Amino acid sequence: MKCSIIILNWNTKELLERCLKNLYKFTNKEDFELIIVDNGSNDGSVDFIKTIECKKIFNLENIGFAAGANQGIKATEPSNDILLLNSDAIVQENWLNELYKTLETNKENGCGLVGSLGNNGNHQFKGQFNEDSAVFNLYFYCVLISRPIINSVGLLDERFKVGNFEDIDYCVRAKLIGGICFVSSKSLVLHEPHQSFKKNNVDDFKVFQKNAKIFEDKWKWFFNNIDDIRRGLKL
């Protein structure tokens, strides 16, 4: 087991510190390499990140989640799986081991992406699934993507600016080549959604609407009814 954990940061220094504290507490250092991509922070994050032993990428401005994640993916060891983790995520004991157990157990079923359960208020939350389950899409606050999926699907679509829908888009693209998304029922990663948006005064609803339109235009041929998308892809 070896993965590259990619964390994007945009003016969330305190959340990043908390994220890393739990990451090192509950993850074997030999199991991963860490890559931090900073998207033009001015809250002291840059100086803090410079003190961390990891691969570092510093952008002069916020280039968006998809573009930043892609920078991180390009910097990974070429054989590693990819783990995207939000700076507002708080990993819990055995979180990564359980993600890998789900991936390995369900490989014959086409499993290529695995997401953790979060706390209430998240799209995937503790108690929602009693066993590992195939789902249509995952939310990328914490997602393990196998290297074969990365090699086949490619990078995230950078047309989805700032954030929103790049994760669902990727799941659809994976589905088209036979990659199935699974939720790991025993991997718990607490999460405070959209903290980067809040700390940078981003209008979440406006970004959502704009990216939803991009998604609809891109995938309307794939869905029988465009209302499926607006219902949150609970298919």
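As shown above, the structure is provided for reference.
Residues numbered from 1 in each chain as written. Predicted model: local features only at pLDDT ≥ 70, side-chain atom pairs only at ≥ 80, totals over all residues. Heavy atoms only, no water.

Peer 1: Just checking my understanding: could you explain the environment of Thr27 for this structure?
Peer 2: Turning to its location among the elements, Thr27 is positioned in the loop between helix H1 (13-26) and strand S2 (32-39). Each C-alpha atom of the pair Thr27 and Asn94 lies 7.3 Å from the other, and the pair is 67 residues apart in sequence. In this view, Thr27 contacts Phe32, Trp95 and Leu96; residues no more than four positions away in its chain are not counted. At a separation of 2.8 Å, a polar atom in the side chain of Thr27 contacts the side chain of Trp95. (Helix = DSSP H or I, 4+ residues; strand = E, 2+ residues; numbered from the N terminus. Contact = heavy atoms within 4.5 Å. Polar contact = N/O pair within 3.5 Å; in protein donor to acceptor, adjacent residues only side chain to side chain.)

Peer 1: Would you explain the pairing of strand S9 (residues 180-191) in this entry?
Peer 2: The two faces of the sheet receive side chains in turn, since in a regular strand these alternate between them. Among the twelve residues of S9, nine are classified as buried, and the element is accordingly described as predominantly covered. Relative to S9, strand S5 (residues 89-91) is paired through three bridges, and the arrangement is antiparallel. Paired with Ala89 across the bridge in S9 is His191. Note: strand S6 (residues 111-117) against S9, five bridges, orientation parallel. Directly across from Cys111, in S9, lies its bridge partner Ile180. Pairing geometry for strand S7 (residues 133-135) and S9, over three bridges, is antiparallel. Bridge pairing in S9 links Ala134 to Phe182. (Buried < 20%, exposed > 50% of the residue type's maximum accessible area, 1.4 Å probe, protein only. Pairing = 2+ DSSP bridges.)

Peer 1: Sorry if this is basic, but what is going on with the packing of helix H6 (residues 166-176) against helix H8 (residues 204-219) here?
Peer 2: Between two packed helices, what matters for the description is the angle formed by their axes and the separation of those axes. Orientation of H6 relative to H8, taken along the N-to-C sense of each, is 20°, at an axis distance of 11 Å. As judged from the angle between their axes, H6 and H8 are roughly parallel. Every pair of crossing elements has a handedness; the one defined by H6 and H8 is right-handed. Here Ile168, Asp169, Val172, Arg173 and Leu176 of H6 come into contact with H8, specifically with Phe215, Lys218 and Trp219. (Axes fitted to C-alpha atoms, helices over the stretch in contact; angles between N-to-C directions. Parallel < 35°, antiparallel > 145°, perpendicular 65-115°, else oblique. Left-handed = near helix turned anticlockwise from the far one by under 90°.)

Peer 1: What is the right way to look at the environment of Gly163 in this model?
Peer 2: Residue placement: Gly163 occurs in the loop between helix H5 (147-153) and H6. Sequence-distant contacts of Gly163, that is, excluding residues within four places in its chain, are made with Phe65, Phe197, Val207 and Asn211.

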